[in-house]
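# Structure assessment
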Amino acid sequence: MMTDNHVANSTTATTLKLAAVVVGMFGFGFALVPLYDLICDVTGLNGKTGDQYTVTSEQIVDEKRLVKIQFLANNNAGMSWEFRPEVRTMEVTPGQLNMTNFFVHNPANMAITAQAIPSVTPFRAARYLHKTECFCFEQQELQAGASLDMPLRFIVDASLPEDVTTLTLSYTIFDISDQLAAN
Amino acid sequence: MSAVIEQHHDDHHGPAKGLMRWVFTTNHKDIGTMYLWFSFAMFLLGGSFALVIRAELFQPGLQIVQPEFFNQMTTMHGLIMVFGAVMPAFVGLANWLVPMMIGAPDMALPRMNNYSFWILPFAFTMLASTLFMEGGAPNFGWTFYAPLSTEYGPPSTTFFIFAVHLMGISSIMGSINVVVTILNMRAPGMTLMRMPLFVWTWLITAYLLIAVMPVLAGVVTMMLMDIHFGTAFFNAGGGGDPVLFQHIFWFFGHPEVYIMILPAFGVVSAIIPTFARKRLFGYASMVYATASIAFLSFIVWAHHMFTVGMPLAGELYFMYATMLIAVPTGVKVFNWVATMWKGSMTFETPMLFAIAFVVLFTIGGLSGLMLAIAPADFQYHDTYFVVAHFHYVLVPGSVFSIMAAVYYWIPKWTGNMYDETLGKVHFWLSFVGVNVLFFPQHFIGLAGMPRRIPDYALQFADYNMVSTVGAFLFGFSQLLFLFIVVKCVFGGKKATAQVWEGAHGLEWTIPSPAPYHTFSTPPKVDMSETHG
């Protein structure tokens, strides 16, 4: 039979161990955030495109292929800007540098800061779309009534899987003025 | 089993008198009673919200409430039933029964036990008070998906977040207490594989709670920061991702659904052998099946989000992993049926609820398998079919098991037998009511009626009307349950120590009603009568 003292000791020990698990799992909840981003980066899930791409001299060009690129521009709820691509579709040669513009106009009577978030469909093609210059790399501030052509330069990697013939690049712009003010 | 009961000690060390007894008590029986009454109060409150929902859906069009209030009702109904009714009821049962089943004098951490109960009334008062706040109560569903909850929720969302924090703290403290009690306070001879299954299922449930309630606390903390401190965990414009919310939420949410059903398995595994007058078939396989279900519950969460745009490999993995859960669950259902096979069965009220549990929970499990089929889920997702599925596992599943447990153990708690005739009437009203209520929802779901809407297309009208009739039948039957319990507390035929002819286990060796202090000296566990 266990003595009272022994029971008390093991009670404290078990309680402390379990409390450590609780603290650990609370931390794990937050660790899921960077873990999620990491998994999305590695697998290209979610259609997230990478950061700014540097062109290398040995960029392979595949002259025999043409890939169709479709551009979409969306406004997040509550975003008043006019936002559209200069062209809806482009036919591009993998490996070659392409350029297009997205047009924005701020019809509001105050300055608004926006952030564009890209997404590529099909997801598995996201990692083959390299952007050397994109308005989504930085925030855009437009004064009341102002307009702007925002440039996008990109390369479709020549190693894009053969069965992908069409890529859709979609941008959603978010009004982040309030968030900037809060910070 | 035999037990040493120290009557002389109990006599001069009873409960304190007056209201303060309940405020300051550290007695596991008092705290268990308070949990059970609190849970019943929340069951009636959440049930009245459900009746508002069903009354509005009685006919197409808007008759009784506006859509904004309807959404608050669905949200509050879900939150109160999950966190206020089902979970505290099982904690109450654990408080009453775990020490008596393992031969311990009380829970290991009695003062913390008192705190973990008394947090709950504050948490739910705060949650319910949001109904009277400007902008109304939370209206984004009990799953509170971002950005609906973070960017478009009412100002009362902050109160909701703090209420969830408090519920989480209460559950975590309660489950630490259960684990410590079971691991350290068993009577000599009560080895792990001799413990009653209710104790086993609660041990595993408590581990699940300890693992996932902190994740829930984390996700609501992230919401709080997104709303008030300008972070962007779930805001795509700031670099976050709303889909991340769903992953974290369901990493908590899927184990949570097993938290609400595993103790029910334990209850049914206690009741069926008693009234079949046979030992539980396959005790060890029951333990391993419970542990397997608990493990699998951590790796299937994304089956709640098949439609978010997962890659094919993800859909397939989560589909097959989910279907795997049917194997240990099937083992359990098989064992319950095998226990009844060729048993000398009698059909007292607890047994009726337990058999109904086995049949109706299995229906809920089968619709769960249908939902697990990823390609089919695109049709079922967010329809009434999902509502029918989880209500079948939660109402005639968890709730019926809690009612079965109350009928089974209430003679031990009060010393009086409940009114068997009224108990049977309660069972049949509930059984008919619950099926009339939820079975038609399968059909309207398959026909395409979305969940969480106050109005619907005309072709769904007939089944919705039937469902509402069932809801009112089931809802008002629970007032009879209240009457039966109160009647039993105040009198009735005196119960013997064993209460049921076929009952085995340490809790049936002590007198009825159970003395305020039991097993101050550990009982001797008789090897021949244990489960192993």
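Residues numbered from 1 in each chain as written. Chains lettered and ligands numbered in written order. Predicted model: local features only at pLDDT ≥ 70, side-chain atom pairs only at ≥ 80, totals over all residues. Heavy atoms only, no water.

## Comments concerning the overall build of chain B
When helices and strands are tallied, chain B shows 17 helices and zero strands. For a compact globule of 532 residues, the expected C-alpha radius of gyration is about 24 Å, and chain B comes in at 23 Å, within 12% of that figure. Judged by the C-alpha coordinates and their principal axes, chain B covers about 70 × 50 × 45 Å. Looking at chain B as a whole, 62% of its 532 residues are labelled buried. Nonlocal contacts in chain B, meaning residues at least 24 apart in sequence, comprise 83% of its contacts between residues at least 6 apart. (Helix = DSSP H or I, 4+ residues; strand = E, 2+ residues; numbered from the N terminus. Rg over C-alpha atoms; globule rule 2.2 N^0.38 Å. Buried < 20%, exposed > 50% of the residue type's maximum accessible area, 1.4 Å probe, protein only. Contact = heavy atoms within 4.5 Å.)

## Quick look at the state of the cysteines
Residue and element names in this part refer to chain A. Under the definition given, this model contains one disulfide over all chains. The partner cysteine of Cys-134 in its disulfide is Cys-136, sulfur to sulfur 2.4 Å. Residues Cys-134 and Cys-136 are joined through a disulfide that is right-handed, its torsion about the S-S bond being 130 degrees. Among the residues examined, Cys-134 registers a relative accessible area of 6% and is labelled buried. (Disulfide = S-S within 2.5 Å.)

## Section: the sheet that holds strand β3 (residues 89-92) of chain A
Residue and element names in this part refer to chain A. Strand order in the open sheet formed by five strands is β3-β1-β9-β5-β7, with mixed pairing between adjacent strands. The sheet is open, and its two borders are formed by β3 and β7 (140-142), each paired with just one other strand. Neighbour-to-neighbour, the strand axes of this sheet turn through a mean angle of 30 degrees, independent of strand direction. Direction of pairing for strand β5 (residues 112-121) relative to β7: antiparallel, over a ladder of three bridges. (Pairing = 2+ DSSP bridges. Axes fitted to C-alpha atoms, helices over the stretch in contact; angles between N-to-C directions.)

## Considering the packing of aromatic side chains
Residue and element names in this part refer to chain B. According to the stated counting rule, one finds 63 aromatic pairs over all chains in the structure shown. Ring geometry for Phe-144 against Phe-249: centres 5.1 Å apart, planes inclined by 80 degrees, an arrangement best described as edge-to-face. Highlighted residues: Phe-144 in the loop between α5 (110-129) and α6 (157-184) and Phe-249 in helix α8 (residues 242-259), separated in sequence by 105 residues. On the accessibility criterion, Phe-249 (0% relative accessible area) is buried. Just above the ring of Trp-22 sits the side chain of Arg-21; from NZ or CZ to the centre is 4.2 Å. (Phe/Tyr/Trp six-rings, centres within 6.5 Å; stacked < 30°, edge-to-face > 60°. Lys NZ or Arg CZ within 6 Å of the ring centre and 35° of its normal.)

## Examining the interface of chain A and chain B
Each partner contributes residues to the interface: chain A has 31 residues there, and chain B has 38 residues. Our count for the chain A to chain B interface comes out at zero salt bridges. The tally of links from chain A across to chain B stands at three residue pairs in polar contact (both at pLDDT 80 or more). Secondary structure elements with two or more residues in the side of chain A that touches chain B: α1 (4-43) and β5 of chain A. If one sorts the elements of the side of chain A that touches chain B by residue count, α1(A) sits on top with 17 residues. In the side of chain A that touches chain B, the residues fall into 20 nonpolar, ten polar and one charged. (Salt bridge = Lys/Arg side-chain N within 4 Å of Asp/Glu carboxyl O. Polar contact = N/O pair within 3.5 Å; in protein donor to acceptor, adjacent residues only side chain to side chain. Nonpolar A, V, L, I, M, F, W, Y, C, P; charged D, E, K, R; others polar.)

## Section: the pairing of strand β9 (residues 166-175) of chain A
All names here are of chain A. Counted residue by residue, β9 has eight buried out of ten residues, so it is predominantly covered. By the bridge criterion, eight bridges tie strand β1 (residues 67-75) to β9 in an arrangement that is parallel. Across the sheet, residue Lys-68 finds its bridge partner in β9, namely Thr-166. Where β5 lies against β9, eight bridges are found, and the strand directions are antiparallel. Within β9, the position partnered with Gln-115 by the bridge is Phe-174.

## Description of the nonpolar core
If you look at the biggest cluster of nonpolar residues, it comprises 192 residues, and the most contacted ones within it are B:Phe83, B:Phe124, B:Phe144 and B:Trp336. With 22 residues, helix α4 (residues 67-102) of chain B is the single largest residue contributor to this core. Apart from residues no more than four positions distant in its own chain, B:Phe144 is found in contact with B:Ser149, B:Phe160, B:Leu216, B:Val219, B:Val220, B:Met223, B:Phe245 and B:Phe249. Among the nonpolar cores identified, the runner-up in size contains 33 residues, and A:Ala116, A:Ala125, A:Tyr128 and A:Phe135 belong to it. (Core = buried A, V, L, I, M, F, W, Y, C linked by side-chain atoms within 4.5 Å.)

## Brief notes about a nonpolar patch on the surface
Residue and element names in this part refer to chain B. The grouping of Val-425, Trp-428, Leu-429, Val-432 and Leu-473 at the surface amounts to a nonpolar patch, some 400 Å² of accessible area in total. The element best represented in the nonpolar patch is helix α16 (residues 420-446), accounting for four residues. Within the fold, Trp-428 resides in helix α16. (Patch = residues over 30% accessible without salt bridge, like charges linked within 9 Å, V, L, I, M, F, W, Y side chains within 5 Å. Areas by Shrake-Rupley, 256 points an atom, 1.4 Å probe, with all protein chains shown as cover.)

## Overview of the sheet that holds strand β8 (residues 147-156) of chain A
All names here are of chain A. One open sheet holds the four strands; their spatial order is β2-β4-β8-β6, and the pairing between them is antiparallel. Edge positions in the sheet fall to β2 (82-85) and β6 (129-134), since each of these pairs with one other strand and no more. Taking each pair of neighbouring strands and ignoring which way they run, the sheet shows an average axis angle of 25 degrees.

## Some words on empty space enclosed by the protein
All names here are of chain B. In the structure shown here, the tally under the stated rule is three cavities of 30 Å³ or more. Lining the largest cavity are Tyr-35, Phe-83, Met-87, Pro-88, Val-91, Leu-120, Met-167, Ser-170, Ser-171, Gly-174 and Ser-175. The set of elements that each furnish at least two residues to the lining of the largest cavity consists of α4 and α6. The element best represented in the lining of the largest cavity is α6, accounting for five residues. (1 Å grid on protein atoms, 1.4 Å probe; cavity = no way out; pocket = protein on both sides within 12 Å on 5 of 7 lines; lining within 4 Å. Points joined across faces, edges and corners; volume = space filled by probe spheres on them.)

## Observations regarding the packing of α5(B) against α6(B)
Two measures define how a pair of helices packs: the angle their axes make with one another and the distance between the axes. Residues and elements named next belong to chain B. One way to put it is that α5 packs onto α6 with a least axis distance of 8 Å and a crossing angle of 160 degrees. By the criterion of interaxial angle, the relationship of α5 to α6 is roughly antiparallel. Crossing of α5 against α6: the hand is left-handed. Of the residues in α6, those touching α5 at Met-112, Asn-113, Tyr-115, Ser-116, Ile-119, Leu-120, Ala-123, Phe-124, Met-126 and Leu-127 are Phe-159, Phe-160, Phe-162, Ala-163, Leu-166, Met-167, Ile-169, Ser-170, Met-173, Gly-174, Ile-176 and Asn-177. Class assignment of the residues belonging to the contact of α5 with α6 gives a composition of 17 nonpolar, five polar and no charged. (Parallel < 35°, antiparallel > 145°, perpendicular 65-115°, else oblique. Left-handed = near helix turned anticlockwise from the far one by under 90°.)

## Some thoughts on the confidence of the model for chain A
Here chain A shows a mean pLDDT of 87. Residues at 70 or above account for 94%. Averaged pLDDT values for the elements of chain A fall to 78 in helix α2 (residues 177-182) of chain A and rise to 94 in β2(A). (pLDDT = per-residue confidence, 0-100.)

## Focus on the packing of helix α11 (residues 312-324) of chain B against helix α12 (residues 326-340) of chain B
All names here are of chain B. Viewed as axis vectors pointing N to C, α11 and α12 meet at an angle of 15 degrees, and their least axial separation amounts to 5 Å. Comparing their axes, α12 and α11 come out roughly parallel. Together, Thr-322, Met-323 and Leu-324 of α11 and Ala-326, Val-327 and Pro-328 of α12 make up the contact between the two elements. The residue makeup of the contact of α11 with α12, split by class, is five nonpolar, one polar and no charged.

## Focus: the pattern of salt bridges
Residues and elements named next belong to chain A. All chains considered together, the criterion is met by eight salt bridges over all chains. Note that Arg-124 is salt-bridged to Asp-163, the shortest N-O span being 2.7 Å. Here the residue Arg-124 occupies a position in the loop between β5 and β6, and Asp-163 occupies one in the loop between β8 and β9, the gap between them amounting to 39 residues. Judged by relative accessible area, which is 54%, Asp-163 ranks as exposed.

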